[in-house]
Amino acid sequence: MEIGYNEWLALIIGVILMMTGSQLFRGKWLFLIAGYNTLSQSDKEKLNGKFIGRVIGILLLLSSVIIGAMVLYPKGKTVWFICQILLIIIAMIYVNGSKRKNQ
C-alpha cells in the first residue's frame, strides 16, 4: 500500500488530534475549548471544565482513531465519515444533557 500526500497529511492531523485530546483529557489545555477563556471567573467556577475537557478529549482521541482507520481502509471512508458525524452528535447531546456539566 502506497501512502500519498493526502494520507500523510491525514496522519499528521491525527497525531495532532491525539496529542491535543490527551492533554484535554488530563484537564490541561482547557483554554482551547471555544468560549472558555471569555468566561468570567465566577462563570468558570459554575462550569465543570474538567468534565467538558474529558469529553472533548475523548472525542478528539476517537477522531484520531477514525482518521487512522480512514487511511488504513480507504474503501470505507463513507462509513468512517458517518461514524465521525455520529460521534460528534452523541458528544454534543451528552455534554449538553449531562448534569455533571455544572458543578
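Structure's up top.
The notes below deal with the structure included here.

What counts and how
Residues numbered from 1 in each chain as written. Predicted model: local features only at pLDDT ≥ 70, side-chain atom pairs only at ≥ 80, totals over all residues. Heavy atoms only, no water. Helix = DSSP H or I, 4+ residues; strand = E, 2+ residues; numbered from the N terminus. Buried < 20%, exposed > 50% of the residue type's maximum accessible area, 1.4 Å probe, protein only. Contact = heavy atoms within 4.5 Å. Areas by Shrake-Rupley, 256 points an atom, 1.4 Å probe, with all protein chains shown as cover. Lys, Arg positive; Asp, Glu negative; His and termini not counted. Charge placed at Lys NZ, Arg CZ, Asp CG, Glu CD. Patch = residues over 30% accessible without salt bridge, like charges linked within 9 Å, V, L, I, M, F, W, Y side chains within 5 Å. Salt bridge = Lys/Arg side-chain N within 4 Å of Asp/Glu carboxyl O. Axes fitted to C-alpha atoms, helices over the stretch in contact; angles between N-to-C directions. Parallel < 35°, antiparallel > 145°, perpendicular 65-115°, else oblique. Nonpolar A, V, L, I, M, F, W, Y, C, P; charged D, E, K, R; others polar.

In terms of regular secondary structure, the protein is built from four helices and zero strands. Along the protein, helices (α) and strands (β) appear in the sequence α-α-α-α when read from the amino end. In terms of overall dimensions, the protein has a C-alpha envelope of 55 × 25 × 20 Å along the principal axes. Residues classed as buried in the protein amount to 32% of the 103 residues present. In the protein, the share of contacts with a sequence separation of at least 24, taken over all contacts with a separation of at least 6, comes to 64%. Carbon and sulfur atoms make up 69% of the accessible area of the protein, which amounts to about 7300 Å² in all. When the 11 basic and 4 acidic side-chain charges of the protein are each reduced to a single mean position, those positions are 11 Å apart.

Turning our eyes to something else, we now look at the environment of Ile-52. Its place among the elements puts Ile-52 in helix α3 (residues 49-72). Ile-52 sits 42 residues away from Ala-10 along the chain, and the two C-alpha atoms are 26 Å apart. Beyond its immediate stretch of four places on either side in the chain, Ile-52 contacts Ile-33, Leu-47, Val-95 and Lys-101.

Among the surface-exposed residues, Arg-26, Lys-28, Lys-50, Arg-54 and Arg-100 lie close enough to one another that they form a single positively charged patch. If you trace the backbone, Arg-26 turns up in the loop between α1 (5-25) and α2 (41-46). What makes Arg-26 exposed here is its relative accessible area of 52%.

On to the packing of α3 against helix α4 (residues 77-97). Each pair of packed helices can be summarised by the angle the axes make with each other and by the distance between the axes. Running from N to C, α3 and α4 cross one another at 175°; their axes reach a closest spacing of 10 Å. For the element pair α3 / α4, the angle class is roughly antiparallel. Contacts between α3 and α4 involve Phe-51, Ile-52, Val-55, Leu-59, Leu-62, Ser-63, Ile-66, Ala-69 and Met-70 from the first element and Lys-77, Trp-80, Phe-81, Cys-83, Gln-84, Leu-87, Ile-88, Ala-91, Tyr-94 and Val-95 from the second. Counted by class, the contact of α3 with α4 contains 16 nonpolar, two polar and one charged residues.

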